[in-house]
Amino acid sequence: MAIEDHQNPNRVINPKNRTIMGGVEQEEDEKWWPSWLKPLLKEPFFVQCNFHGHTPKSECNMYCLDCTNGSLCSLCLAHHKGHRTIQIRRSSYHDVIRVSEIQKHLDIFSIQTYVINAAKVVFLNERPQAKPGKGVTNACSVCSRGLVDDCFRFCSLGCKVAGTSRSFEKRVKNTAMESENSSNSSGVEDNILNPQSLTPSTPQLPSSTSLRKRLRKGFPYQSPLQ
């Protein structure tokens, strides 16, 4: 019984005719990033292959940049001969890719690189961190994760995609403007004198009790009618 094409994850798809569920890619995203990048960042890896699960090498840690039809196991590569494929690796339960592989297809400038098993790698997506550690002077522009080197701006491919989008840059600009306006308004309020401080103070009259105390220090006071 033949398997229909839409049920086969190893099918070959022409990138020019590919459509994305949920809408068409925005023109500005197509200009800056290749069409395979966002699907790659959303794809789960190191899961069991649906077609080769009975074999020892059924772990899906490969990806075809030409087809972008899901993660692949090593046996699935037979259906992608001549295609651009990359291998995803794991570090501390997070997906990484070697710099030597990804830089052939994508500009990874300003992304923090790490050395794992004697090879430089970059992380695919951000790794949540409550706050940067002590002594950290540089942090990711998107998720605020501490970076090892000051020459980098992002901790992962996903953070660079988010941090270089127009919506993110606009949001950062608006936040900076709001902070500046708030600072300026508070400074103006501090410089305005309180109107009550301009009113001359009225000398306080002595009370009747204090007046009687002062009168008793001299000669006894007698009424002129006595």
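In the block above lies the structure referred to throughout.
Residues numbered from 1 in each chain as written. Predicted model: local features only at pLDDT ≥ 70, side-chain atom pairs only at ≥ 80, totals over all residues. Heavy atoms only, no water.

Observations regarding the pairing of strand S5 (residues 94-98)
Which entries qualify depends on this criterion: When DSSP finds at least two bridges between two strands, those strands are taken to pair. Elements are defined by DSSP. Helices are runs of H or I of four residues or more, strands are runs of E of two residues or more, and each kind is numbered from the N terminus.
Of the strand pairs in this sheet, strand S4 (residues 89-91) and S5 are connected by three bridges, and their pairing is antiparallel. What sits directly across from serine 91, in S5, is histidine 94. As judged from the three bridges shared by S5 and strand S7 (residues 119-123), these two strands associate in the antiparallel manner. Bridging across to S7, isoleucine 97 finds its partner in valine 122.

Describing the pairing of S7
Note the threshold: Only protein chains enter the accessibility calculation, which uses a 1.4 Å probe. A residue is then buried if its area is under 20% of the maximum for its type, exposed if over 50%, and partly exposed in between.
Counted residue by residue, S7 has four buried out of five residues, so it is predominantly covered. Pairing analysis gives three bridges linking strand S6 (residues 114-116) to S7, with the strands arranged antiparallel. Each residue of the ladder has a partner; that of valine 115, found in S7, is lysine 120.

Here's the deal with the side chain of serine 156
Put simply, the test is: Think of a polar contact as two N or O atoms within 3.5 Å of one another; within protein, one of them needs to be a possible hydrogen donor and the other a possible acceptor, and neighboring residues in sequence only count if both atoms come from side chains. We call two residues in contact whenever any of their non-hydrogen atoms come within 4.5 Å of each other.
Tracing the backbone shows serine 156 in the loop between S7 and helix H4 (157-163). Here glutamate 126 takes part through its backbone nitrogen, which lies 3.2 Å from a polar atom of the side chain of serine 156. Apart from residues lying up to four places away in sequence, serine 156 is in contact with Ile111, Phe123, Leu124, Asn125 and Glu126.

Notes on unusual backbone geometry
At phenylalanine 46, a residue that is not glycine, the phi angle is positive and equals roughly 60 degrees. Take phenylalanine 46: it is sitting in the loop between helix H2 (37-42) and strand S1 (62-64). Classification of phenylalanine 46 as partly exposed rests on a relative accessible area of 22%. Located in the positive-phi region is serine 110, a residue other than glycine, with phi close to 75 degrees. Relative to the assigned elements, serine 110 resides in the loop between helix H3 (99-102) and S6.

Looking at the side chain of serine 71
In this structure, serine 71 sits in strand S2 (residues 71-72). Here proline 44 takes part through its backbone oxygen, which lies 3.2 Å from a polar atom of the side chain of serine 71. In this structure, serine 71 is in contact with Glu43, Pro44, Phe45, Val47, Cys60, Met62 and Tyr63, ignoring residues within four places of it in sequence.

A word on the packing of aromatic side chains
Applied cut-off: Here a pair means two rings of Phe, Tyr or Trp (six-membered ring of Trp) with centres within 6.5 Å. Their orientation is stacked below 30 degrees between planes, edge-to-face above 60, and tilted elsewhere.
Enumeration according to the criterion identifies two aromatic pairs in this entry. When the ring of phenylalanine 45 is compared with that of tyrosine 63, the centres are 6.1 Å apart and the planes differ by 70 degrees; the resulting orientation is edge-to-face. Taken together, the residues phenylalanine 45 in the loop between H2 and S1 and tyrosine 63 in strand S1 connect sequence positions 18 residues apart. Accessibility assignment for this pair places phenylalanine 45 and tyrosine 63 in one class, buried. Each ring, one from tyrosine 114 and one from phenylalanine 123, has its centre 5.4 Å from the other, and the planes form 80 degrees; the classification is edge-to-face. With respect to class, tyrosine 114 is no different from phenylalanine 123; both count as buried.

A closer look at the sheet that holds S7
To keep things clear, this is the line we draw: Each axis is a line fitted through C-alpha atoms, and for a helix only the stretch in contact is used; angles between axes span 0 to 180 degrees, taken between their N-to-C directions.
Pairing within the open sheet is antiparallel, and its four strands lie in the order S4-S5-S7-S6. Because the sheet does not close on itself, it has two edges, and the strands there are S4 and S6. In this sheet, neighbouring strand axes are inclined to one another by 55 degrees on average, regardless of whether the strands run parallel or antiparallel.

Some remarks on the sheet that holds S1
The strand order across the open sheet built from three strands is S2-S1-S3, with neighbouring strands paired in antiparallel fashion. On the outer flanks of this sheet lie S2 and strand S3 (85-87), each paired with one strand and no other. Summarising the sheet, S1 and S3 pair through three bridges and their orientation is antiparallel. Counted as the bridge partner of cysteine 64 is threonine 85 from S3.

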